[in-house]
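Residue-level listing of the chains:
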Amino acid sequence: MTAPTAKGAHTRRITFLVALAVFAQESTWNFYESQLPPLLREHLTSAAVVGLLMGMDNLLGIFIQPWIGNRSDRTRTSWGRRMPYLVAGMPVAAALFVVIPHASGSLPLLIAVMFSYALVANTFKPIAEALVPDFVAPERRSRANAAVKIASSLTVIVTALLSLLLVDDHLYVAFTVPAALMLLSVAVLAATVRDNRSPAYRAAVAEAAEAAAADHAEPRVRDTFLDILRSPDRSRLLLLAAILLFSSAWAASRSLVTPYGMEALDLTRGEAGGLTLPSGVAFLLAAYPSALFAERYGRLRVMTAGMCVFVVAMVLGTLAQNPTGTVVALCVGAAGASSFLVNAVVVLWNLAPSARVFGTYAGMYTVSWASGGFLGPALVGAMVDVNGWPLMLLDIALVASLSVAVIIRISRLQRRRPAATVA
């Protein structure tokens, strides 16, 4: 086997393993988001309180994920810097996940188990994805991350099947299946991955040795964020802003579609709830081609084009305001959005000044994306209060347009760099 062929096989292998880990993690998270509200509603009548409790995991993630990503960057073991957290955290999270339905008879106990699961699961959520830049060369990261995103998206189908086949009659078994997937994935990872062999780990060890010789401490989360804030090159800061903005638009296009269908299209609740299903398939079909186009024509260029497609689709959906037009608009929009969802974190990794901060950057990406997911529906909802439901897709297009403007600005900044690796 030639060296390039061996390298490609190794890249495909690590991509599959990371995708497996993310698939298992997101299976539990999606099922958590789907089935915890009914358990809480057995004790609570207030939708606001249920929503507050369901948002607890996102709030924890904002504080935990950058910190744990940074901790993993600074960890040095014979197993590597990521694997110890996955091997320790995933079995504990799986056990807590299985306990959730057993604790549903008592509200305080249910909340305690929810909090414990969210706390543990957030500690390794960014870790698996950080293995991508650890092992995969910058020019191949888009297609690796596309495979990871596809695996994550497939968990929506798994959650739907579990809900249809098991929840009503076998609730305890339904919670056991995602937990078993998590245990299986961590067993495979533990048996096959030693990330102390990754190029990024070796580079980080070498850089740390040089820093120690120069009496420079390992970068903390605060140091990394201040470096981004103070850097004359605003690309990283602008990219985090673009991630938040586009996440806001994307989240609003997902979470507000059901009331939009009921209010603007005169659909039933069930009919409106099914509007986004075809767009999920469109995203899966477009994700990997988006990565290939990005590697061939430039990530920022392809991201900009895809985001513009998303904006145009939302505008056309406003003009063709009927169920068929809305489904087509959501499908085209999801296909365009895939270019951003697949490539944004890759651009952020490639902008990192050192392999020592890949985990921290993965945590920062997650925080920006989660913050947009929290703020976007509220922002677009406020715009709907002023403009009305028929203009909701146009409101989303406006928010997305802001993120397009930011990405265009980053592209201009990168063209001034003599050896930019992100574009």
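Residues numbered from 1 in each chain as written. Predicted model: local features only at pLDDT ≥ 70, side-chain atom pairs only at ≥ 80, totals over all residues. Heavy atoms only, no water.

1. What about the overall build of the protein?
Then, number 1: Regarding its fold elements, the protein presents 18 helices and 0 strands.
Then, number 2: Among the 423 residues that make up the protein, the fraction classed as buried is 51%.
Then, number 3: Taking the intrachain contacts of the protein between residues at least 6 apart in sequence as the baseline, contacts between residues at least 24 apart amount to 82%. (Helix = DSSP H or I, 4+ residues; strand = E, 2+ residues; numbered from the N terminus. Buried < 20%, exposed > 50% of the residue type's maximum accessible area, 1.4 Å probe, protein only. Contact = heavy atoms within 4.5 Å.)

2. Examining a positive patch on the surface
Then, number 1: A cluster of basic residues, Arg301, Arg409, Arg412 and Arg415, forms a positive patch on the protein surface.
Then, number 2: The element best represented in the positive patch is helix H18 (residues 392–415), accounting for 3 residues.
Then, number 3: In this structure, Arg415 sits in helix H18.
Then, number 4: Arg415 gets classed as exposed once you look at its relative accessible area, which sits at 63%. (Patch = residues over 30% accessible without salt bridge, like charges linked within 9 Å, V, L, I, M, F, W, Y side chains within 5 Å. Areas by Shrake-Rupley, 256 points an atom, 1.4 Å probe, with all protein chains shown as cover. Salt bridge = Lys/Arg side-chain N within 4 Å of Asp/Glu carboxyl O. Lys, Arg positive; Asp, Glu negative; His and termini not counted. Charge placed at Lys NZ, Arg CZ, Asp CG, Glu CD.)

3. A few points about the packing of helix H11 (residues 235–255) against helix H16 (residues 323–351)
Then, number 1: Relative to each other, H11 and H16 sit at 155°, their axes nearing to 11 Å. What the angle tells us is that H11 and H16 run roughly antiparallel. The crossing of H11 and H16 is left-handed. Where H11 abuts H16, its residues Ser235, Arg236, Leu239, Leu240, Ala242, Ile243, Phe246, Trp250, Ser253 and Arg254 lie against Leu330, Ala334, Ala337, Phe340, Leu341, Ala344, Val347, Leu348 and Leu351.
Then, number 2: Here the contact of H11 with H16 is composed, by residue class, of 15 nonpolar, 2 polar and 2 charged. (Axes fitted to C-alpha atoms, helices over the stretch in contact; angles between N-to-C directions. Parallel < 35°, antiparallel > 145°, perpendicular 65-115°, else oblique. Left-handed = near helix turned anticlockwise from the far one by under 90°. Nonpolar A, V, L, I, M, F, W, Y, C, P; charged D, E, K, R; others polar.)

4. What to know about helix H3 (residues 56–74)
Then, number 1: If you check H3, its first and last C-alpha atoms are 27 Å apart, about what 19 residues at 1.5 Å a residue would give, namely 27 Å.
Then, number 2: Of all the bends found along H3, the most pronounced is centred on Ile62 and spans about 40°, while Pro66, a proline, follows it within four residues.
Then, number 3: Listed as buried for H3 are Met56, Asp57, Leu60, Gly61, Ile64, Gln65, Pro66, Ile68, Gly69, Asn70, Ser72 and Asp73. (Expected span 1.5 Å × (residues − 1). Bend = angle between axes of the 7 residues up to and from the residue.)

5. Considerations on H16
Then, number 1: Taking 1.5 Å of rise per residue, the 29 residues of H16 would be expected to cover 42 Å, and the 42 Å separating its terminal C-alpha atoms lies within 8% of that figure.
Then, number 2: A bend of about 35° at Asn343 is the largest found in H16.
Then, number 3: Across the 29 residues that make up H16, a large majority, 23, are buried.
Then, number 4: Structurally, the start of H16 carries an N-cap: the backbone nitrogen of Thr324 is 3.2 Å from a side-chain oxygen of Asn322. (Polar contact = N/O pair within 3.5 Å; in protein donor to acceptor, adjacent residues only side chain to side chain.)

6. Quick notes on the packing of H11 against helix H17 (residues 358–387)
Then, number 1: One way to put it is that H11 packs onto H17 with a least axis distance of 6 Å and a crossing angle of 45°. Accordingly, the angle class assigned to the pair H11 and H17 is oblique. Our pair here, H11 against H17, has a crossing hand that is right-handed. Contacts between H11 and H17 involve Arg236, Leu240, Ile243, Leu244, Phe246, Ser247, Ser248, Trp250, Ala251, Ala252 and Ser255 on the former and, on the latter, Tyr361, Met364, Tyr365, Ser368, Trp369, Ser371, Gly372, Gly373, Leu375, Gly376, Pro377 and Val380.
Then, number 2: Partitioning the contact of H11 with H17 into residue classes produces 14 nonpolar, 8 polar and 1 charged.

7. Notes on the packing of aromatic side chains
Then, number 1: Applying the stated criterion across every chain yields a total of 11 aromatic pairs.
Then, number 2: Plain terms: the ring middles of Trp29 and Tyr32 are 5.6 Å apart, the flat faces sit at 70° to each other, and that makes the pair edge-to-face. With Trp29 and Tyr32 both in helix H1 (residues 3–41) and 3 residues apart, this pair spans about one turn of that helix. Residue Trp29 shares its accessibility class with Tyr32, and that shared class is buried.
Then, number 3: The structure contains a cluster of three or more aromatic residues connected by ring pairs, namely Trp29, Tyr32, Phe97, Tyr117 and Phe175. (Phe/Tyr/Trp six-rings, centres within 6.5 Å; stacked < 30°, edge-to-face > 60°.)

8. Quick word on the side chain of Ser253
Then, number 1: Assignment of secondary structure puts Ser253 in helix H11.
Then, number 2: Among the polar contacts made by the side chain of Ser253, one reaches the main-chain carbonyl oxygen of Trp250 at a distance of 2.7 Å.
Then, number 3: Leave out the neighbours within four places in its chain, and Ser253 touches Thr276, Phe310, Leu330 and Ile396.

9. Description of the environment of Ala137
Then, number 1: Tracing the chain through its elements places Ala137 in the loop between helix H6 (127–135) and helix H7 (141–167).
Then, number 2: By relative accessible area, which is 18% here, Ala137 ends up buried.
Then, number 3: Along the chain, Ala137 and Pro199 lie 62 residues apart, while their C-alpha atoms are 8.7 Å from each other.

Honestly, it's all geometry; don't read function into it.
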